[in-house]
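Structural description and commentary
Single-letter residue listing:
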Amino acid sequence: SQDILSLIQGLGYERAHVVGHDCGGVIAWHLAQQFPQALQKLVILNAPLPDGLFRDIWGQLDQWWRRWPLLACQVPGVAEYWLGNNLRGFIQDWFQRYSIRKAAFSNDTLQIYQAALEKAGSVSAALQSYRHLLLPQAWWPQLRHQVQQITIPTLVLWGADDPVLSQSLNTSLEQLLTGPWRLRVLQDCGHWAMQEVPDLVNRELLTFLRVTS
């Protein structure tokens, strides 16, 4: 969160619209809690509430198979080695497995992601985001119910058929969001909303971000 705050300030802005998905969405949630003065509006795409990920993981042990990517990357070195030797297959499985609209991920699209992750240090950097989610300093405040409410205008977009994160994670939105907020469930859409239904997501973003708070 501090890195995003520094980025906003480094670009010469006092406040910014912040949009985040998955791990980026988790960071955006925490940014809105810790530095609300730096945000004008918040948009979340398929990312659990600050307390939702831990409630979902620890409260549904029989569903851990859905979290295997999060758990598998926790061992430093092992995940980097495996991905380095199986990058193409992993990328294809990663997007195809958790999407409903498979055609959204053509070979050309997958090649873009592969080229990005082939750069030195990219795989380790990506894994660090997932590793941080299970660090004690990340989950301890949530287990102690020290969840700070969010007052800025917030839009939550959620793929209805996300096989990774269930819609049940949104049940406590009204407890966390005390400012204006709206939840839009995107039908026939998996985890990758911005790629599976880009036109719909872009319309929602433009409408929400154009409206004066």
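You'll find the structure just up there.
Report on the accompanying structure. Please read all numbers here as calculations on a predicted model, not as lab measurements.

Quick notes on a nonpolar patch on the surface
A contiguous nonpolar surface patch, about 350 Å² in accessible area, is contributed by Leu7, Leu11 and Tyr13. In this fold, Leu11 is placed in the loop between helix H1 (2-10) and strand S1 (16-21).

Looking at the environment of Asp3
Counting through the fold element by element, Asp3 comes out in helix H1. A relative accessible area of 65% places Asp3 in the exposed class. Between the alpha carbons of Asp3 and Leu31 there is a distance of 9.6 Å; along the sequence they are 28 residues apart.

So, the pattern of salt bridges
Taken as a whole, this structure holds 4 salt bridges when the rule is applied. For Glu204, the salt bridge goes to Arg182, with nearest N and O atoms at 2.4 Å. With Glu204 in helix H11 (residues 198-210) and Arg182 in strand S4 (residues 181-186), this pair connects stretches of sequence that are 22 residues apart. Across the pair Arg184 and Glu204 runs a salt bridge, and its minimum N-O distance is 2.3 Å. Of this pair, Arg184 sits in strand S4 while Glu204 sits in helix H11, and the two are 20 residues apart along the sequence.

With respect to the environment of Gln195
Along the chain, Gln195 turns up in helix H10 (residues 193-196). Note: C-alpha distance between Gln195 and Ala103 (92 residues apart in sequence) is 9.8 Å. Leaving out residues up to four positions away in the same chain, Gln195 has contacts with Phe95, Ala104, Phe105 and Tyr113.

So, the nonpolar core
One finds Trp29, Leu39, Leu42, Ile44, Trp94, Phe95 and Ile150 to be the most contacted residues of the largest nonpolar core, which totals 40 residues. Put simply, the parts of the chain that give this core at least two residues each are H1, S1, helix H2 (23-34), strand S2 (39-45), helix H5 (78-97), helix H7 (122-133), strand S3 (154-159) and helix H9 (173-176). Considering every element that reaches this core, the biggest residue donor is H5, with 7 residues. If near-sequence neighbours (up to four positions away) are discounted, Ile150 is found in contact with Trp29, Ala32, Gln33, Leu176, Leu177, Thr178 and Gly179. Counting residues in each nonpolar core, the second largest holds 12 residues, with Leu155, Leu186, Val197 and Leu205 among its members.

Some thoughts on the sheet that holds S3
Reading across the sheet, the 4 strands line up as S1-S2-S3-S4 and stay open at both edges, with parallel pairing between neighbours. Single-partner strands in this sheet number two, and they are S1 and S4. With strand direction ignored, the average angle separating the axes of adjacent strands in the sheet is 15°. Note: S2 against S3, 4 bridges, orientation parallel. Note that in S3 the partner of Leu42 across the bridge is Thr154. Packing against the sheet, H11 makes contact with S1, S2, S3 and S4, and its axis sits at approximately 160° to S2.

Cut-offs applied
Residues numbered from 1 in each chain as written. Predicted model: local features only at pLDDT ≥ 70, side-chain atom pairs only at ≥ 80, totals over all residues. Heavy atoms only, no water. Patch = residues over 30% accessible without salt bridge, like charges linked within 9 Å, V, L, I, M, F, W, Y side chains within 5 Å. Areas by Shrake-Rupley, 256 points an atom, 1.4 Å probe, with all protein chains shown as cover. Salt bridge = Lys/Arg side-chain N within 4 Å of Asp/Glu carboxyl O. Helix = DSSP H or I, 4+ residues; strand = E, 2+ residues; numbered from the N terminus. Buried < 20%, exposed > 50% of the residue type's maximum accessible area, 1.4 Å probe, protein only. Contact = heavy atoms within 4.5 Å. Core = buried A, V, L, I, M, F, W, Y, C linked by side-chain atoms within 4.5 Å. Pairing = 2+ DSSP bridges. Axes fitted to C-alpha atoms, helices over the stretch in contact; angles between N-to-C directions.

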